[in-house]
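Residue-level structure breakdown
This is what each chain is made of:
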Amino acid sequence: MATFLYKLGRFAFRRRHFVALMWVALLTLAGVGAASAPVAGASSFSIPGTEAQKAFDLLESRFPGMSADGATARVVFKAPEGEKMADKDNKSTVEKTVKVLGTGSEVTSVDDPFTTHTVSKDGSVAYTSVKYKVSGMELEDSSKDALESAAQDARDAGLTVEVGGDALQATPETGSTEVIGIAIAAVVLVITFGSLIAAGLPLLTALIGVGIGVSTITALASALDLGSTTSTLAMMIGLAVGIDYALFIVSRYRAELAEGREREEAAGRAVGTAGSAVVFAGLTVVIALVGLSVVNIPMLTKMGVAAAGTVAIAVLIALTMIPALLGYAGRRVQPAGKKSRLLGGGRAAKKEGKPNMGTRWASFVVRRPLAVLLLGVIGLGAAALPATSLELGLPDDGSQPTSTTQRRAYDLLSDGFGPGFNGPLMIVVDAKASDAPKAAFTKVTDEIKGLKGVVSVSPAVPNKSGDTAMITVVPDSKPSSVKTEDLVHAIRGTGGEIKADTDATVLVTGSTAMNIDFSQKLNDALIPYLALVVGLAFLLLIVVFRSILVPLKAALGFLLSVMAALGAVVAVFQWGWLASLMGVEETGPIMSMMPIFMVGVVFGLAMDYEVFLVTRMREAYVHGEKPSQAIVTGFRHGARVVTAAAVIMIAVFSGFIGSSESMIKMIGFGLAIAVFFDAFVVRMAIVPAVLALLGKRAWWLPKWLDRALPNVDMEGEGLRALDEKRRDGDEDRELARV
């Protein structure tokens, strides 16, 4: 592989006009596609194989035209202090608002609170449900404006009015902190390279790669049903790895220049050596992201595949466009150890022979490996402790900031009707196989009324053919509580007896039941997913490092860092530690997809640093250095760059903490803290400590396995062979002249 990538790097350097034009053309093509593509709506949410999804699909087929996936709005009215909603003026205002809401072109139905009896017992609160033909993201602005205008008119009449539901769903905003993250990355690059030109190359190529990836996702969003979160995630990961991959190749290029090589040769060798690490690091990230498809949740699969595609683009750009741009930069990119004229007058950055920080740190770890190992493991273990109280769920209006109308509507409904009113359960009774459907509906209603934790059960509402009915159940607990989950399981538990007695099937659905099934499916998939991703990456790392213990150590170190990161997420988003600093207004359960998503993404990113750092050690060991000296050599060449790469990745991920979308905020924080733990504790401390304790045993591989594995030449032996051939050729020519 090193030889192939070496030739690719030299080709890109020589044919830089062609390479640069090709990438600019791809960016333009993707941009035109994104600009001309139809606006995508909200990504459909489905959980194949779950009871809630089966019930939802049954409603679609048995109740045609009800727009089960359409947006809903709950307009909640509260009377002034000392008044009732039934008072003449208040009732008139509500009836007028209901009439206005019903005139919308996208509205399918509006309930009158005084007809449907949706008025609280004390008479102070009432609400109307507005149902639409399309989803919240597909609603026309005119429909949203009409909803807000009707609510404001009722407020002007003296009522307190708030709007809940997903009809006013807003597009997530990332905020200015994303730009700050990129600015910090730029500063780190300038400090690392001591050159504005060299620092600008990774930023430029990363932005081009993300531009191609996100534009392609936008162009295909409508056709492939991709949500807005998909492109945000691809941007987050694409920026981070794009900058890092380019950083490693530019750093190796400067190191090759410092050894006296010509610029084209240095570009080829940089791609042949550091490029090999980039390829395998990128493969681990792609495996982890594509592996999300084993969960069998379409939304998660699409997010993973789209982000993996952006990572693949980042790898290709690093291997081709970076050497092309280095060709354009020429002598403006200085050899390692020198600063540009602008930043350092072209002088040497440090005294020759003086050990750098990486060398000094590695020497310390090699002398005190056991102490460093214990300190690192105990520290990460302490950070992971909050993860033992992890509570999973999905956000609802109750997790919104108190400044939003959705949250205020949620609170008004809880105060007027009870906490369970915000998460009603939809019971679907399929009595098509029953001889007495009406009797089956009655039996289901009576059975549910007798269960603990039920506030009310609505009469069964059958479809036109009378073979299927809907029953609404209101729990006495809030949607995200354990009591509500227990009630869902209790209702499902009665299904077997009802089936035996009436031949009717009972299914539980609704947003609350969907969230419960979603969380359960993710929990069930976590272990198989972990085994698949870690197993594949373990095999890949065996090929890269020609060792059994090094990949095993890498996997165990990852588990430490991801558990510590989950602990930090729980401490901030569930316990509320430093919540105000992170802009978290409401604490609550951690999103159900967070653990499995962090496992996938963090594993891929963690292996980046493992590959970049340990391949340098492996290279030194293969070329004859002792194990302890190889560790120091690896840090001398790689620690500064890995540190810069980690700081850049943390800065980029931290930039997304400013997002208005709770999922993006949580993912940004989780990935940033995970990279911090993995890069600075696991890879910089635990890894060299373990390697120092293992000595030569770290690089042990059974001979039969060594013969069976393909030789990917991570150490660049093929390039050494090329050097020898050139030297032999030069000597032959010299002898011929003599």
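What you are looking at is a predicted structure, and each value in this text was computed from that prediction instead of being measured.

What to know about the overall build of the chain
- When you go through the chain residue by residue, the secondary structure sums to 25 helices and 11 strands.
- Here the analysis covers contacts within the chain between residues at least 6 apart in sequence; of these, 79% occur between residues at least 24 apart.

As for unusual backbone geometry
- Here the phi dihedral of Asp503 falls at roughly 65°; this positive angle occurs in a residue that is not glycine.
- For Asp503, the position within the fold is in the loop between helix 18 (495–502) and strand 10 (505–509).
- Of note, Arg546 is a non-glycine position whose phi angle comes to about 50°, a positive value.
- Along the polypeptide, Arg546 turns up in the loop between helix 19 (511–545) and helix 20 (549–574).
- For Arg546, a relative accessible area of 11% puts it in the buried group.

Comments concerning a negative patch on the surface
- A grouping of Glu140, Asp141, Asp145 and Glu148 is seen on the molecular surface, where their side chains present a negatively charged patch.
- Locating Glu140 in the fold gives a position in the loop between strand 3 (125–132) and helix 6 (141–156).

Focus on a nonpolar patch on the surface
- A cluster of nonpolar side chains, contributed by Phe11, Phe18, Met22, Leu26 and Leu29, occupies part of the molecular surface with about 470 Å² of accessible area.
- A total of 4 residues in the nonpolar patch trace back to one element, the largest contributor, which is helix 2 (residues 16–36).
- If you trace the backbone, Leu26 turns up in helix 2.

As for helix 4 (residues 88–101)
- For helix 4, with 14 residues, the first-to-last C-alpha span of 20 Å sits near the 20 Å given by 1.5 Å per residue.
- On its buried face, helix 4 sits against strand 1 (72–78), strand 2 (107–110), helix 5 (113–116), strand 3 and helix 6.

Observations regarding the packing of helix 17 (residues 482–493) against helix 19
- In the contact formed by helix 17 and helix 19, the axes pass within 10 Å of each other and the chain directions differ by 95°. By the criterion of interaxial angle, the relationship of helix 17 to helix 19 is roughly perpendicular. Here Thr484, Glu485, Val488, His489 and Arg492 of helix 17 come into contact with helix 19, specifically with Thr512, Ala513, Ile516 and Asp517.
- Here the contact of helix 17 with helix 19 is built from residues that sort into 3 nonpolar, 3 polar and 3 charged.

Side note on the packing of helix 13 (residues 357–367) against helix 22 (residues 627–654)
- At their nearest, the axes of helix 13 and helix 22 sit 8 Å apart, and the two run at 150° to each other. Between helix 13 and helix 22, the interaxial angle falls into the category roughly antiparallel. Once helix 13 is placed against helix 22, the crossing between them reads as right-handed. From helix 13, Gly358, Thr359, Trp361, Ala362, Ser363 and Val366 reach across to helix 22, where they touch Ser628, Ile631, Val632, Phe635, Arg636 and Ala639.
- Partitioning the contact of helix 13 with helix 22 into residue classes produces 7 nonpolar, 4 polar and 1 charged.

Some points on the sheet that holds strand 1
- Spatially, 4 strands are ordered 2-3-1-4 in an open sheet, and the strand pairing comes out antiparallel. Of all strands in the sheet, those bounded by a partner on one side alone are strand 2 and strand 4 (160–165). If you compare each strand with its neighbour and ignore which way they point, the axes differ by 20° on average.
- Packed on one face of the sheet, helix 6 meets strand 1, strand 3 and strand 4 and runs near 155° to strand 4.

Here we look at the pattern of salt bridges
- For the coordinates displayed, the defined rule picks out 20 salt bridges.
- For Glu264, the salt bridge goes to Arg10, with nearest N and O atoms at 3.0 Å. Linking Glu264 in helix 10 (residues 263–290) with Arg10 in helix 1 (residues 2–14), this pair joins segments that are 254 residues apart in sequence.
- Across the pair Arg261 and Glu259 runs a salt bridge whose closest N-O atoms are separated by 3.6 Å.

A closer look at helix 8 (residues 196–224)
- Look at helix 8: 40 Å from first C-alpha to last across 29 residues, which is about the 42 Å you get at 1.5 Å a residue.
- Just beyond helix 8, the residue with positive phi is Asp225, at close to 60°.

Brief notes about the nonpolar core
- Ranked by internal contacts, the top residues of the largest apolar core, which has 192 residues, are Tyr245 and Ile427.
- With residues up to four places along the chain from it excluded, the contact list for Tyr245 reads Val278, Ala281, Gly282, Val285, Val311, Ala314, Val315, Ala318, Asp608 and Phe612.
- The next biggest cluster of nonpolar side chains, apart from the first, holds 23 residues, and it includes Phe77, Val94, Leu147 and Ala150.

Let's talk about the packing of aromatic side chains
- Tallied over the full model, the rule gives 9 aromatic pairs.
- On the numbers, 5.7 Å between centres and 20° between planes, the contact of Tyr621 with Trp699 is stacked. Separated by 78 residues along the polypeptide, Tyr621 in helix 21 (residues 594–622) and Trp699 in the loop between helix 23 (662–694) and helix 24 (703–708) bring together distant segments of the chain.
- Given the relative accessible area of 10%, Trp699 is considered buried.
- In this structure an aromatic cluster arises from ring pairing among Tyr127, Phe417 and Phe421.
- Above the plane of the ring of Phe13 lies Arg16, whose end atom (NZ or CZ) is 5.4 Å from the centre.
- We note Arg74 situated over the ring of Tyr127; from NZ or CZ to the ring centre the distance is 5.0 Å.

So, the pairing of strand 9 (residues 468–475)
- Among the 8 residues of strand 9, 7 are classified as buried, and the element is accordingly described as predominantly covered.
- When strand 6 (residues 425–430) meets strand 9, the two strands line up antiparallel, connected through 6 bridges. Among the inter-strand pairings, Ile427 is bridged to a residue of strand 9, identified as Ile471.
- Pairing of strand 7 (residues 454–457) with strand 9 involves 3 bridges; the strand directions are antiparallel. Bridged to Ser456 within strand 9 is Val474.

So, the side chain of Arg407
- Of note, Arg407 is situated in helix 15 (residues 405–417).
- Setting aside chain neighbours within four positions, we find Arg407 in contact with Asp397, Gly398, Gln400, Pro401, Thr402 and Glu586.

What to know about the environment of Ala258
- Here Ala258 lies in helix 9 (residues 228–258).
- Expressed as a C-alpha distance, the spacing of Ala258 and Glu497, which sit 239 residues apart in the sequence, is 79 Å.
- If we ignore the near neighbours within four places in the chain, the residues touching Ala258 are Pro335 and Ala336.

A word on the side chain of Arg683
- Here Arg683 shows up in helix 23.
- Overall, the relative accessible area of 1% leaves Arg683 in the buried class.
- Engagement of the side chain of Arg683 in a polar contact is seen with the backbone oxygen of Ala554, the distance being 3.4 Å.
- At 2.6 Å, the side chain of Arg683 and the side chain of Glu610 are in polar contact.
- Apart from residues no more than four positions distant in its own chain, Arg683 is found in contact with Ala554, Gly557, Phe558, Ala606, Met607, Tyr609, Glu610, Leu613, Phe635, Asp678 and Pro688.

Looking at the confidence of the model for the chain
- Within the chain, residue pLDDT values average 84, and 90% of them lie at 70 or more.
- No element of the chain has a lower mean pLDDT than helix 12 (residues 341–344), which averages 50, and none a higher one than helix 14 (residues 369–384), which averages 95.

Some remarks on the environment of Glu447
- Mapping Glu447 onto the fold places it in helix 16 (residues 437–449).
- A relative accessible area of 25% means that Glu447 is categorised as partly exposed.
- Separated by 231 residues in sequence, Glu447 and Thr216 place their C-alpha atoms 52 Å apart.
- In contact with Glu447, other than residues within four places in its own chain, are Glu497 and Ile498.

Each value, and the rule that gives it
- Residues numbered from 1 in each chain as written.
- Predicted model: local features only at pLDDT ≥ 70, side-chain atom pairs only at ≥ 80, totals over all residues.
- Heavy atoms only, no water.
- Helix = DSSP H or I, 4+ residues; strand = E, 2+ residues; numbered from the N terminus.
- Contact = heavy atoms within 4.5 Å.
- Buried < 20%, exposed > 50% of the residue type's maximum accessible area, 1.4 Å probe, protein only.
- Patch = residues over 30% accessible without salt bridge, like charges linked within 9 Å, V, L, I, M, F, W, Y side chains within 5 Å.
- Areas by Shrake-Rupley, 256 points an atom, 1.4 Å probe, with all protein chains shown as cover.
- Salt bridge = Lys/Arg side-chain N within 4 Å of Asp/Glu carboxyl O.
- Lys, Arg positive; Asp, Glu negative; His and termini not counted.
- Charge placed at Lys NZ, Arg CZ, Asp CG, Glu CD.
- Expected span 1.5 Å × (residues − 1).
- Axes fitted to C-alpha atoms, helices over the stretch in contact; angles between N-to-C directions.
- Parallel < 35°, antiparallel > 145°, perpendicular 65-115°, else oblique.
- Nonpolar A, V, L, I, M, F, W, Y, C, P; charged D, E, K, R; others polar.
- Left-handed = near helix turned anticlockwise from the far one by under 90°.
- Pairing = 2+ DSSP bridges.
- Core = buried A, V, L, I, M, F, W, Y, C linked by side-chain atoms within 4.5 Å.
- Phe/Tyr/Trp six-rings, centres within 6.5 Å; stacked < 30°, edge-to-face > 60°.
- Lys NZ or Arg CZ within 6 Å of the ring centre and 35° of its normal.
- Polar contact = N/O pair within 3.5 Å; in protein donor to acceptor, adjacent residues only side chain to side chain.
- pLDDT = per-residue confidence, 0-100.

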